[in-house]
Amino acid sequence: MADTTVRIDGNTLRLPGGVAVRFIRTLRLPESGTHPLPPGLGEFPVRRVADYADRVPEAWRARGGVMLPVYLREAMWLSFAGTSEPAALQVGVGKVCAVSGRPWSDRPARDPQNYVVLPRQPWLDGINSGTGTVRQFVAVPLGLGATVEGQVTGEEVWGGVQLQSFALNDRALARWRAEERRRPVPPAPAQPGGHGGAMPMPMPMAFGGPAAGGQGAPAAGGYGAAMPMAAPPAPGAAPAAPASAPRAAAAMGLGVGGSMRQEVYQDERPLADWSRQPSGRVFVHLVTPPEWRRITGEAAPPSPVDRAAYTRAGLPWFDYYDEEAQDLAATDELRSVKPVGDWLGDDHEPWQPPTPGQTQQLKDAPGKPVEDGDW
């Protein structure tokens, strides 16, 4: 029987079949206009729900999976860098497909396509919203109707993020491996980089004063360059703050923010090439920073640096285009989702657009298994 175990490697989720997923902190875009890809401000810390079974709500224990901390209106994107073999990955937001807008499914589908193809799709910053664009993932509480789940289904039950991967079937995988063996090995680039890559990174630039919120900025680098973050407590170490017993936690889900230029690529393989059974799946709970500290004893990372300060420092934004791939059209379900500002009010944080020179063009594991549950 195939191994369906999901594991955490640092803050990376490793799904069977070589799928690697990281959740990346980023700047929230204005809800008007279409923008370049915003920079990565480091990884969200990820922890297993099972490690805190005596401190999380019963519903979380039943669903299993992992959790990560997010602030109200904080934006994120999903990085797939490190994925080693072809995979079809379903991404759910409150069990609504972020690609098709349809209800969560237990298998890949077409018309509309309900998955992204890895490693062809290097990242996903939001829901598929139109020709060559996505609407940014932005965290909001359940109960307001502001989540994608609430707007598409009319109710908010699940929240969080759901991931499910499908590998190529045995015949298609053998054919792909044979083609890879025949493929010439390209020379290593002089300066590797790009989204989630290992671009050389200058020293971090400190932002002080009220405009920057008194916080340090990340080191500059590729789209997704990691920001130095405090290491998690060593196994068995005492928590930084006493944790209390389980209670009903403030549940969080994903709504949408501003629009950005990003394609969601159409699968070029026949649907029959994919296995009909998932390789692995995981439920990702979104936790408010106070709940995160109560449950884990750890402080959540500081809120992302002020956007205007980031732009003034000259750190990069990104455009990405793959001329060999075809973009998926958005469905009516996702095209009609309204941004969180329509529910929470205007965003009064100042916006300073990047200068033309700041936008860069890209391209043309050990650990305990994560427990799955009922969802």
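Computed from a prediction, not measured in an experiment: that's the story for all the values here.

1. Observations concerning the confidence of the model for the chain
Caution applies to low-pLDDT regions: their predicted coordinates should not be interpreted in detail.
Logical step 1: The predicted model of the chain averages 78 in pLDDT, with 66% of residues at 70 or higher.
Logical step 2: Within the model, the stretch residues 188-242 combines pLDDT values under 50 with 100 contacts to residues more than four positions away or in other chains.

2. Some thoughts on helix α4 (residues 289-296)
Logical step 1: Among the eight residues of α4, six are classified as buried, and the element is accordingly described as predominantly covered.
Logical step 2: Turning to α4, its buried residues are P289, E291, W292, R294, I295 and T296.
Logical step 3: Where the residues of α4 are buried, they touch β6 (47-48), α1 (58-63), β7 (66-69) and β16 (280-287).
Logical step 4: Trailing α4 by a residue or two, G297 shows a phi angle of about 80 degrees, which is positive.

3. Regarding the sheet that holds strand β9 (residues 87-93)
Logical step 1: Taken in spatial order, the six strands of this open sheet run β6-β7-β16-β14-β9-β10, and their pairing is mixed. Each of the sheet's edge strands pairs with one partner strand only, and the pair in question is β6 and β10 (116-118).
Logical step 2: The sheet contact formed by strand β14 (residues 161-167) and β16 spans five bridges and is antiparallel. Counterpart to Q164 in the pairing with β16 is R281.

4. Examining the pairing of β9
Logical step 1: Counting buried residues along β9, seven of its seven residues qualify, which places the element largely inside the surrounding structure.
Logical step 2: Neither face of β9 is left uncovered, since the one carrying A87, L89, V91 and V93 and the one carrying A88, Q90 and G92 both have all their residues buried.
Logical step 3: Of the pairings in the sheet, the one linking β9 to β10 comprises three bridges and is antiparallel in character. Along β10, the bridge assignment pairs A88 with V117.
Logical step 4: One ladder, built from seven bridges, connects β9 with β14; its direction is antiparallel. Considered in β14, the bridge of A87 is made with A167.

5. Some thoughts on the environment of T34
Logical step 1: With respect to the helices, strands and loops of the structure, T34 is situated in strand β4 (residues 34-35).
Logical step 2: By relative accessible area, T34 is classed as partly exposed at 40%.
Logical step 3: For the pair T34 and S259, spaced 225 residues apart in the sequence, the C-alpha separation amounts to 4.8 Å.

6. Quick notes on helix α3 (residues 170-182)
Logical step 1: Counted at 1.5 Å a residue, the expected span for α3 with its 13 residues is 18 Å, and the 19 Å between its end C-alpha atoms agrees.
Logical step 2: Among the residues of α3, A172, L173, W176 and A178 are the ones counted as buried.

7. Quick notes on the pattern of salt bridges
Between side chains of opposite charge, a pair can form when the charged atoms approach closely.
Logical step 1: In total, this model carries 14 salt bridges according to the counting rule given.
Logical step 2: Here R107 makes a salt bridge to D106, at a shortest N to O gap of 3.8 Å.
Logical step 3: Classification of R107 as partly exposed rests on a relative accessible area of 31%.
Logical step 4: One salt bridge connects R294 with E291, and the closest N-O pair in it is separated by 3.0 Å. Taken together, the positions of R294 and E291, both in helix α4 and three residues apart, correspond to about one turn of that helix. The same class applies to R294 and to E291, which are both buried.

8. Some details on the nonpolar core
Logical step 1: The biggest cluster of nonpolar side chains holds 48 residues, and the ones touching the most others in it are L13, F23, M76, L89 and L163.
Logical step 2: Non-local contacts of M76, meaning those with residues more than four positions away in its chain, are made with F23, I24, T26, F44, L68, V70, D125, F137, L254 and L286.

9. What about the side chain of S79?
Logical step 1: Relative to the assigned elements, S79 resides in strand β8 (residues 75-79).
Logical step 2: Of the polar contacts made by the side chain of S79, one reaches the backbone nitrogen of A81; its length is 3.4 Å.

10. Remarks on the packing of aromatic side chains
We describe a pair of aromatic rings using the distance from one ring centre to the other and the angle between the two ring planes.
Logical step 1: By the definition in use, this model includes three aromatic pairs.
Logical step 2: Arranged with centres 5.7 Å apart and planes meeting at 50 degrees, the rings of W104 and W375 form a pair that is tilted.
Logical step 3: The class for W375 is buried, based on a relative accessible area of 8%.
Logical step 4: Ring geometry for F283 against W375: centres 5.4 Å apart, planes inclined by 75 degrees, an arrangement best described as edge-to-face.
Logical step 5: With relative accessibility at 0%, the residue F283 sits in the buried group.
Logical step 6: Note that K95 overlies the ring of W158, its terminal NZ or CZ placed 4.2 Å from the centroid.
Logical step 7: Above the plane of the ring of Y265 lies R120, whose end atom (NZ or CZ) is 5.8 Å from the centre.

Conventions adopted
- Numbering of residues begins from 1 in every chain and follows the order in which that chain's sequence is written.
- Per-residue local features are limited, in this predicted model, to residues with pLDDT of at least 70; the limit for side-chain atom pairs, both in listing and counting, is 80 or more; totals at the level of whole chains, interfaces and linings are taken over all residues.
- Hydrogens and waters are ignored; side-chain quantities use all the structure's heavy atoms.
- The predictor attaches a confidence to each residue, called pLDDT, with possible values from 0 through 100.
- Any pair of residues with heavy atoms lying within 4.5 Å of one another is described as a contacting pair.
- We call a residue buried when its accessible area falls under 20% of the maximum for its residue type, exposed when it is over 50%, and partly exposed in between, using a 1.4 Å probe and counting protein chains only.
- Counting from the N terminus, the helices are DSSP H or I runs at least four residues long and the strands are E runs at least two residues long.
- Two strands form a pair only when DSSP identifies at least two bridges running between them.
- Helix span, expected: 1.5 Å multiplied by one less than the number of residues in the helix.
- Should a side-chain nitrogen of Lys or Arg be within 4 Å of a carboxyl oxygen of Asp or Glu, the pair is scored as a salt bridge.
- Only buried Ala, Val, Leu, Ile, Met, Phe, Trp, Tyr and Cys residues count toward a nonpolar core, and they belong to the same one when joined by side-chain atoms within 4.5 Å.
- In protein, a polar contact requires one atom able to donate a hydrogen and another able to accept it; more generally it is a pair of N or O atoms within 3.5 Å, and residues adjacent in sequence count only if both atoms are side-chain atoms.
- A pair of aromatic rings is counted whenever rings of Phe, Tyr or Trp (Trp by its six-membered ring) have centres within 6.5 Å, and the orientation is called stacked for planes under 30 degrees apart, edge-to-face for over 60 and tilted otherwise.
- Look at NZ for Lys and CZ for Arg. If either is within 6 Å of the ring centre and within 35 degrees of the ring normal, a charge sits over the ring.

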